Amino acid sequence: MSNPDFKPVKKAVLPVAGLGTRFLPATKVIPKEMLPLVDKPLIEHAYNEAIEAGIEQIIFVNSPHKPSLEKHFEEQKHLESDLSEKGKTELLERIHHTNLKPGDVQTVIQEKALGFGHAVWCAHELVGNEPFAIILPDDVFLAEKSCLAQMMEAYNSLGGNMVAVTEIEDTGRYGIIDIENDMGKTVSIRNMIEKPSPEDAPSNTAIMGRYILQPEVFDHLSTFEKGAGGEIQLTDAMLKLIETQPFHGFRYEGERHDCGTRAGFVEATLAYALHNPEFRQGAIEVIEKYHKQINGETSVKHAASA
Ligand code: G1P
């Protein structure tokens, strides 16, 4: 072993306590993470990514009002007996992988929405003294190998802390990093700022919703200092970690979709359908139909205004 301090990542924290207000009224009763991209809710996309990356224990940081997120990963006896009586084995197979053993998913309740950093801190006892991943279900990655699985490979040789990064235009929506050394696929980070205005942004390289962090980040989170937007920000705690531990950005392969906005959700739905052999042809036909309609409308408007 080259590094005796190296510990593998076996736990993933999924902060899912948010109210999802941008999607109201859809999210009045149904959690945002239960909204589907075609056939799978966002929470299942996140879960699948964790499992593909070798995660063994999932920790939800949830609110008391969204119990359907845990339910989605429990056996639903009435549904299964109905499907098996009707001989619908193919449908049964579609849900079996979501029937988890007790303990595979654990939940900690975040009583008050005090920020992303606070949500992560809420998981500190369940994570304990080991490195852990964070998956934001709003950020959906479509790639041959999932974003977290790609990061795990890099982490296994680099250790330390790692965040997924990509180049963006709107710095005010993301944590932005200042790159110390650019190695291409990975970069070392010397500074990071949460949602800076374009004038204050040190670069246009932004943090996306996948993280691998060492447990010392909880020491910094436990000060509950408020940052951007008056909230306890993970970015501020990670910045303090940079002083004592290696911190890398990882440029993933694949597309990232922002399911936290309504337009982003529409795009993610189309992109997921196009990536999936089962839905691809149907999605192409729909897109072509609307493409023609949009072009038709444009020419009608031109004709009317001429
Ligand atoms: C959070 C983080 C931000 C990061 C973003 C990725 O912001 O605070 O640093 O860039 O996720 O999606 P949020 O989207 O919760 O506002």
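Residues numbered from 1 in each chain as written. Predicted model: local features only at pLDDT ≥ 70, side-chain atom pairs only at ≥ 80, totals over all residues. Heavy atoms only, no water.

Considering the environment of Val38
Checked against the element boundaries, Val38 lands in the loop between β2 (36-37) and β3 (40-41). In the structure, Val38 is positioned 239 residues away from Pro277 in sequence and 13 Å away in space, judged by C-alpha atoms. In this structure Val38 touches Thr269, Tyr272, Ala273 and Phe279, once residues within four positions along its chain are discounted. (Helix = DSSP H or I, 4+ residues; strand = E, 2+ residues; numbered from the N terminus. Contact = heavy atoms within 4.5 Å.)

A closer look at helix α10 (residues 262-275)
Each turn of an α-helix holds 3.6 residues, which means side chains three or four residues apart point in the same direction. For α10, built from 14 residues, the straight-helix expectation of 20 Å at 1.5 Å per residue is met to within 8% by its first-to-last C-alpha distance of 20 Å. Where α10 starts, the residue carrying a side-chain oxygen 3.0 Å from the main-chain nitrogen of Gly264 turns out to be Thr261. (Expected span 1.5 Å × (residues − 1). Polar contact = N/O pair within 3.5 Å; in protein donor to acceptor, adjacent residues only side chain to side chain.)

Some thoughts on the packing of aromatic side chains
Following the criterion strictly, the structure yields 9 aromatic pairs and no others. Relative to Phe73, the ring of Phe60 has its centre 6.0 Å away and its plane inclined at 65°; by these criteria the two rings are edge-to-face. Separated by 13 residues along the polypeptide, Phe60 in strand β4 (residues 57-62) and Phe73 in the loop between α2 (68-71) and α3 (77-85) bring together distant segments of the chain. In this structure, Phe60 and Phe73 share a single accessibility class: buried. Measuring from centroid to centroid gives 4.8 Å for Trp121 and Phe224, while their planes differ by 80°, and the two rings are edge-to-face. Here Phe224 lies in the loop between α8 (217-221) and α9 (234-242) and Trp121 lies in helix α5 (residues 116-121), a separation of 103 residues in the sequence. Judged by its relative accessible area of 22%, Trp121 falls in the partly exposed class. (Phe/Tyr/Trp six-rings, centres within 6.5 Å; stacked < 30°, edge-to-face > 60°. Buried < 20%, exposed > 50% of the residue type's maximum accessible area, 1.4 Å probe, protein only.)

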